[in-house]
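So the chains spell out like this:
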Amino acid sequence: MAGLILALDVTDREKAINIANEVADYLHAIKIGWPLVMAAGMDIIDSLSQIKPIICDFKVADIPNTTKLIVREARNHGAMGIIVHGFVGRDSIKAAVDEAGKMKVYVVAEMSHPGALDFMQKHTDDIVLMAKEVGAAGLIAPATRPERITHIRSLAGDMEILAPGVGAQGGSAKEAIEAGATHIIVGRRIYEANEPAKAAKALYDELTL
Ligand code: XMP
């Protein structure tokens, strides 16, 4: 079933934990990235993992050895998944997959912001096929361009596709899922809402009704 992943880009540990608890019933997972980890430390992964599975959005883009070390740190703190960039090439993605163990590796196939059209989109197909061959669990594809999700799905087979860009960036949850996404990723629409639980429920209902 299509699920909701919260992008918890707040920079206060207590606030992060409070919001996570408040909206947990509507979530498939929580995605955290540099804003929260830099503010609260890596232990925030362990803490939030008690509430929901955690995907570390570290957008790793490095040589294989450094990639391996970063993936290991995320794994040791109990993360369920990690997001890596695909443009760095096969050896780095393979290093991530080899080190991940049971943790899922998600490869960025195409980003949701307009700048993705400058360089990245030209290489989306190659990145998708490489990620699939190397054994990554999933891909990140833009909810802001549902037609691109459909295209990426046609290449990706049964890999998971996580789609950010819903809400603040203008994408629609329902359209992203209908286009072929497995789950959607939503940040500001939930954590900046006056009532985060209400905002999360509305998105959850959109996915499940
Ligand atoms: P908002 O507040 O826009 O947050 O709902 C979206 C979250 O997703 C991240 N993001 C992306 N991550 N590829 C990614 O790997 C993308 O194309 C992409 N677009 C947005 C963003 O950093 C935030 O955490």
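Quick notes on the rules
- Residues numbered from 1 in each chain as written.
- Predicted model: local features only at pLDDT ≥ 70, side-chain atom pairs only at ≥ 80, totals over all residues.
- Heavy atoms only, no water.
- UniProt positions renumbered as here; feature names shortened; annotations may be inferred.
- Helix = DSSP H or I, 4+ residues; strand = E, 2+ residues; numbered from the N terminus.
- Near = heavy atom within 4 Å.
- Polar contact = N/O pair within 3.5 Å; in protein donor to acceptor, adjacent residues only side chain to side chain.
- Areas by Shrake-Rupley, 256 points an atom, 1.4 Å probe, with all protein chains shown as cover.
- Nonpolar A, V, L, I, M, F, W, Y, C, P; charged D, E, K, R; others polar.
- Salt bridge = Lys/Arg side-chain N within 4 Å of Asp/Glu carboxyl O.
- Buried < 20%, exposed > 50% of the residue type's maximum accessible area, 1.4 Å probe, protein only.
- Phe/Tyr/Trp six-rings, centres within 6.5 Å; stacked < 30°, edge-to-face > 60°.

Undergrad: What's the story with the UniProt feature "domain: Orotidine 5'-phosphate decarboxylase" (unreviewed entry) in the chain in this structure? I'm lost.
TA: Per the UniProt record, the feature "domain: Orotidine 5'-phosphate decarboxylase" (unreviewed entry) sits at residues 3-203. Between the C-alpha atoms that bound residues 3-203 there is a distance of 9 Å. The span itself is 45% helix and 19% strand.

Undergrad: What is the right way to read the site of the ligand from this model?
TA: In the neighbourhood of the ligand, 18 residues make up the surrounding shell, with Asp9, Lys31, Met111, Ser112 and Arg188 lying closest. Lys59 places a side-chain nitrogen or oxygen 3.0 Å from a nitrogen atom of the ligand. At 3.0 Å from an oxygen atom of the ligand is found a side-chain nitrogen or oxygen belonging to Gln169. A total of 510 Å² of accessible area belongs to the ligand in isolation, and the protein chains cover 89% of it. Sorting the residues of the shell around the ligand by element identifies β3 (54-60) and β8 (183-186) as the ones contributing at least two each. Class assignment of the residues belonging to the shell around the ligand gives a composition of 9 nonpolar, 3 polar and 6 charged.

Undergrad: I'm lost on the pattern of salt bridges in this one. Help?
TA: A pair can form between side chains of opposite charge whenever their charged atoms are brought close. The tally for this structure, following the rule as stated, stands at 12 salt bridges. With its nearest N and O atoms 2.5 Å apart, the salt bridge here joins Asp57 to Lys31. Residue Asp57 is found in strand β3, and its partner Lys31 is found in strand β2 (residues 29-33); the two are separated by 26 residues along the sequence. Given the relative accessible area of 7%, Lys31 is considered buried. A salt bridge links Arg72 to Glu99; the nearest nitrogen and oxygen atoms lie 2.8 Å apart. Of this pair, Arg72 sits in helix α4 (residues 64-76) while Glu99 sits in helix α5 (residues 90-100); the two residues are 27 residues apart in sequence, bridging distant segments of the chain. Using a relative accessible area of 12% as the deciding quantity, one classes Glu99 as buried. Among the ionic contacts, a cluster of salt bridges with common partners joins Lys31, Asp57 and Lys59.

Undergrad: Looking at this model, I keep getting lost on the packing of aromatic side chains. Mind explaining?
TA: Two aromatic rings are characterised by how far apart their centres lie and by the angle between their planes. Taken as a whole and assessed by the stated rule, the structure comprises 2 aromatic pairs. Seen from their ring centres, Trp34 and Phe58 are 4.4 Å apart, and the 20° between their planes marks the pair as stacked. Of this pair, Trp34 sits in helix α2 (residues 34-40) while Phe58 is found in strand β3, placing the two residues 24 residues apart along the sequence. Judged by its relative accessible area of 40%, Trp34 falls in the partly exposed class.

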